Amino acid sequence: MQNWNIAVTTYSKTPLLDTIRTPDDLRRLKVDQVRQVADELRQETIDAVSVTGGHFGAGLGVVELTTALHYIFDTPRDRLIWDVGHQAYPHKILTGRRDRIRTLRTGGGLSGFTKRTESDYDPFGAAHSSTSISAGLGMAVARDLSGGKNNVIAVIGDGAMSAGMAYEAMNNAGAMNSRLIVILNDNDMSIAPPVGAMSAYLSRLYSGKTYRSLREAAKQINKRLPKVLADRANRVEEYSRGFMVGGGTLFEELGFYYVGPIDGHNLDHLLPVLKNVRDMQDGPILVHVVTQKGKGYPPAEASADKYHAVVKFDVATGAQAKAKPNAPSYQNVFGQSLVKEAAKDDKIVGITAAMPSGTGIDIFNKAFPDRTFDVGIAEQHAVTFAAGLATEGYKPFCAIYSTFLQRGYDQVVHDVAIQSLPVRFAIDRAGLVGADGATHAGSFDNAYLGCLPNFVIMAASDEAELVNMVATQVAINDRPSALRYPRGEGRGVEMPEVGVPMEVGKGRIVRQGNKIALLSFGTRLGECEKAADELAAHGLSTTIADARFMKPLDVDLVLKLAREHEVLLTIEEGSIGGFGSHVMQTLAEHGMLDGGLRMRAMVLPDVFLDHDSPNAMYARAGLDAKGIVAKVFEALGKDFKTETVKLA
Ligand SMILES: Cc1ncc(C[n+]2csc(CCOP(=O)(O)OP(=O)(O)O)c2C)c(N)n1
Ligand SMILES: CC(=O)[C@@H](O)[C@H](O)COP(=O)(O)O
Ligand SMILES: [Mg+2]
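Quick notes on the rules
- Residues numbered from 1 in each chain as written.
- Chains lettered and ligands numbered in written order.
- Predicted model: local features only at pLDDT ≥ 70, side-chain atom pairs only at ≥ 80, totals over all residues.
- Heavy atoms only, no water.
- Pairing = 2+ DSSP bridges.
- Helix = DSSP H or I, 4+ residues; strand = E, 2+ residues; numbered from the N terminus.
- Axes fitted to C-alpha atoms, helices over the stretch in contact; angles between N-to-C directions.
- Contact = heavy atoms within 4.5 Å.
- Domains from an automatic or database assignment.
- Buried area = accessible area lost by both parts, 1.4 Å probe.
- Salt bridge = Lys/Arg side-chain N within 4 Å of Asp/Glu carboxyl O.
- Polar contact = N/O pair within 3.5 Å; in protein donor to acceptor, adjacent residues only side chain to side chain.
- 1 Å grid on protein atoms, 1.4 Å probe; cavity = no way out; pocket = protein on both sides within 12 Å on 5 of 7 lines; lining within 4 Å.
- Points joined across faces, edges and corners; volume = space filled by probe spheres on them.
- Nonpolar A, V, L, I, M, F, W, Y, C, P; charged D, E, K, R; others polar.
- Core = buried A, V, L, I, M, F, W, Y, C linked by side-chain atoms within 4.5 Å.
- Buried < 20%, exposed > 50% of the residue type's maximum accessible area, 1.4 Å probe, protein only.
- UniProt positions renumbered as here; feature names shortened; annotations may be inferred.
- Near = heavy atom within 4 Å.
- Areas by Shrake-Rupley, 256 points an atom, 1.4 Å probe, with all protein chains shown as cover.

Asks: Tell me about the sheet that holds strand S4 (residues 181-186), and name the residues and values.
Replies: Spatial ordering of the open sheet is given by S2-S3-S4-S6-S5, a layout of five strands whose pairing is parallel. Each edge of the open sheet carries a strand with a single partner, namely strand S2 (79-82) and strand S5 (257-263). Strand-to-strand, the axes of this sheet are offset by a mean angle of 20°, without reference to chain direction. Bridging between strand S3 (residues 152-157) and S4 involves five bridges; their strand directions are parallel. Bridge pairing in S4 links Ala 154 to Val 182. Those strands touched by helix H6 (residues 132-145) are S2, S3 and S4, and its axis lies near 175° from that of S3.

Okay, here's the thing in C-alpha cells:
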C-alpha cells in the first residue's frame, strides 16, 4: 500500500523531467519522486517563459497542482480543464509539448492558452474566463449518458470564480448531482488584487479561526467512500490546514461537497486529497486549494501583479526586456484623457471588469478612486451597472476590451441601446491583438454594435483622435456611444492638451486625390498613407479619408468620394458586417452601385486567425499597405504582382 509520506529532501542524480514525455511516464514514477518533478517543472517553466514572455505568475502558482493532477488522474481519459488557460504552460510541458514550449505565442507556435486542436490533453479551449465548470459539466453529463467512468476536473481561479457564469454552472451541477470535480485555485489574485465579496469570503474560509485537520477533512470524505477506500483515507496523516464549517460553505449550499482549504504547494496535502476525491463515487466536489501566484520565483512573488504577464526577462534578476516605447499606448492616452475630462465634470465615472491596468482605468483610479469601479470579471454586470448609473445622470465610461465586451452583449442591447442610455464604451484591443490570438482578437465590435439603433460609433485613427473622441463621448448625453482603438502604442503624433469634441457623424479628408479613394475607419489609416504613396508611384492619384464615425455615417463624404473617384475602398480592423457593410448599404440605397464605381470593402478574413505579431497577422489578413495596393489593382482590373511593391 502506498505510503503517502512524501517529505523528500534529496533527489536522485537523474533529472526526472527529461524522462517524462506524457503523464503516463509521470505516473510510472514513485510517489516520493513527484516533488522532484514539480521542482524541475518549475525551473523549466521559468526558463521557457524567460525566452518567450507570456503569462507567467499563474503557471508558477500551479506547478504542484499540475503535477499532482496528472499523477493522480488518468489524463487525457480523465478530462482536465483549465479555466482561462493562461496557467497551462506547466500542463503543456508535462503533456508532450515540452519540445515546443519555447514557441509559445509566436507565429506557428504553441498557443498561450489551452486549445483542443493542439493536444488531446486539452479537452476544452479557453482564454475567456469562467467557462471551465460549464464545459466540465457538459463532459460529465455526456460521460453519464454514454455510461463512461472517467473523471472530469475543472480548475478555476478565484478571479474567474467572480464571474456569474461560474455560478450558473455550479447551480446546475449541484442540482443535477453530477460527478464533477472543481478545483478552486485560490491565490488571492486576479490580474490585479481581487475584488468583490467572493474574494472576501474565500479569505474568510482560508483564514478562519477554527481549522479542520486533514484527518477531519478525510473523515468528511470517508462518510461518502466505500469502506475499503475509507480505510485508506483514514491513514492520511494529520495536517494543519482545513476548515471547520458551522453551516455549509457557499459551495455546499450550491450542492457541492467542499474539501479544504488545503495547501496547493504541499504535495503531502495535495496527493492524498486528490486521490481520495478521485475515488469518491458521486456528486460534485469542490476542492479549495490555496496557492501563491508567482510561487518559486522571487521577482514574481515580490511584484504587485505577481508577473501575471511578462515579456522576455533575465532569469537571474527578473528584469524584463521592455522596449522603450516610441509613442504612448492607447490605453494610457485613454486613461489620461478621462482624468482630464473628469477634472471638469464630476459626473464622469470609470468602470472596468477586472482589467484596470490593461484599460488605463488604473490611471483614472489614481486620480478619482471614489469614481472608479472594478466589478471583477463580470462584464455583463459592468454594462448594466453602467446603465443604472446613467439613469441617475452620471456619465459612465465602461472600459472593456472588444473581445470581453462580447460577454455582455445582451446587456448592451437590452439595458443600454433600447433605453438609449448614455453609457460610454471605451473599447480597447479593437482589431487583431497578436500573441493572444483568436480568442482575444477584437474582430467583431463593428459588426455587433453597428447593427444597434441609437449608438454613436467612433474609431480613433491615432492617439490625438482618441483624445478628442473621449471629449466627444463626454458630450454625448442622450444615447450610448462606443469608441474603439487598438492594443499597443499610438503613432507618435502631437496630442491636443485638451480634448475638443468633434461634430458627430463627420469624417475628414486627410489627402486629396482624384482617381482612387481609400476610406479608413480606425488605425489602418497609417497603412492607407503608405499605400497611397505606392499608388502615386504607379501614377494613381489617391484620396485618403478618415471616416471617424461608423454611426452616424458621414453620408455626404461617402457620396462625394463615390462620385469623384473610379475606385472606392473601405478598410477597417474588423470582420464582415461592420463599417464596410454600412458604407455599401448607403451607396446602394443612393444608387451609387448601379454605375461604374468599383467599390471594395476590406475586412478581416472570415476565419479565426491564429496568434502571431500584429503586423504579421494584418499582412496575412491583407489589411496592410501591400494588401491595399493589391486590392486597388484588382479593382482596376490591372494585372498586379504584390512583389513589385516597394513598400518596406
Ligand atoms: C471574460 C474575461 N474577462 C477578462 C479576462 C482577462 N483575464 C485573464 S486572466 C484574469 C484573472 C484571472 O484570475 P484567476 O482566475 O484568479 O486566475 P489567476 O491568474 O489568479 O491564476 C483576467 C481578468 C478574461 N480572460 N476573460
Ligand atoms: C489572460 C488574459 O485574458 C489577459 O491576461 C489578457 O491576455 C490581457 O491582454 P493584454 O495583454 O492585451 O492586456
Ligand atoms: Mg487568482
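The discussion continues.
Asks: Mind laying out the domain arrangement of the protein chain, listing which residues take part and the relevant values?
Replies: Looking at the protein chain, the domain boundaries give domain 1 (17-310), domain 2 (330-484) and domain 3 (508-646). Between the C-alpha centres of domain 2 and domain 3 there is a distance of 27 Å. Taken residue by residue, the interface counts 30 residues in domain 2 and 29 residues in domain 3. Where domain 2 abuts domain 3, roughly 2,100 Å² becomes buried across the two surfaces, and 60% of that area is made up of carbon and sulfur atoms. Across the pair Glu 465 and Arg 508 runs a salt bridge, and its minimum N-O distance is 3.9 Å. The tally of links between domain 2 and domain 3 comes to 15 residue pairs in polar contact (both at pLDDT 80 or more). Residue contributions to the side of domain 2 that touches domain 3 peak at four residues, all from strand S12 (residues 456-459).

Asks: Could you give an account of the layout of surface pockets, with specific residues and numbers?
Replies: Estimates place the volume of the second largest pocket at around 420 Å³. Residues belonging to the lining of the second largest pocket are distributed by class as follows: nine nonpolar, 11 polar and three charged.

Asks: Quick one: what's the story with the nonpolar core, residue by residue and with numbers?
Replies: Across soluble globular proteins, nonpolar side chains have a tendency to be buried as a group. One finds Phe 56, Leu 69, Ile 183 and Val 287 to be the most contacted residues of the largest nonpolar core, which totals 54 residues. In terms of residue count, helix H2 (residues 34-52) provides more of this core than any other element does, seven residues in total. With near-sequence residues (within four places) excluded, Val 287 lies in contact with Val 182, Ile 183, Leu 184, Val 259, Ile 262, Val 273 and Val 277. Phe 404, Val 423, Ile 457 and Ala 545 belong to the second largest nonpolar core, which has 50 residues in total.

Asks: Lay out the sheet that holds strand S15 (residues 516-521) with the relevant residues and their values.
Replies: Strand order in this open sheet of five strands is S14-S16-S15-S18-S19, and the pairing throughout is mixed. Each of the sheet's edge strands pairs with one partner strand only, and the pair in question is strand S14 (508-511) and strand S19 (598-602). Averaged over neighbouring strand pairs, the angle between their axes works out to 20° when direction is ignored. Relative to the sheet, helix H23 (residues 555-564) contacts S14, S15, strand S16 (542-546) and strand S18 (567-572), its axis offset from that of S15 by approximately 155°. Its contacts with the sheet put helix H24 (residues 579-589) on S15, S18 and S19, and the angle it makes with S18 is roughly 145°.

Asks: How would you sum up the UniProt feature "binding site: thiamine diphosphate" (unreviewed entry) in the protein chain? Please name residues and give values.
Replies: The positions that UniProt labels "binding site: thiamine diphosphate" (unreviewed entry) are, in the present scheme, His 86, Ala 127, His 128, Ser 129, Gly 159, Ala 160, Asn 187, Tyr 297 and Glu 379. The largest pairwise C-alpha distance within this set of annotated residues, which runs over 294 residues, is 32.0 Å, so the set is dispersed in three dimensions. Cross-referencing the annotated residues with the lining of the largest cavity gives Gly 159. With respect to the helices, strands and loops of the structure, His 128 is situated in the loop between helix H5 (89-97) and H6. Here His 128 falls in the buried class, since its relative accessible area comes to 17%. Sequence-distant contacts of His 128, defined by excluding residues within four places in its chain, comprise Val 84, Thr 403, Phe 404, Gln 406, Arg 407, Thr 439 and His 440.

Asks: How would you explain the site of ligand 1 if you had to name every residue and give the values?
Replies: Surrounding ligand 1, one finds 22 residues, the nearest of these being His 86, Ala 127, Gly 159, Lys 293 and Glu 379. With respect to ligand 1, the backbone of Ala 160 contributes an N or O atom lying 2.8 Å from an oxygen atom. Contacts to ligand 1 include Lys 293, whose side-chain N or O atom sits 2.6 Å from an oxygen atom. When ligand 1 is considered free in solution it has 580 Å² of accessible area, and contact with the protein chains removes 97% of it. Split into classes, the residues belonging to the shell around ligand 1 amount to 10 nonpolar, eight polar and four charged. A domain split of the shell around ligand 1 shows at least three residues from each of domain 1 (17-310) and domain 2 (330-484).

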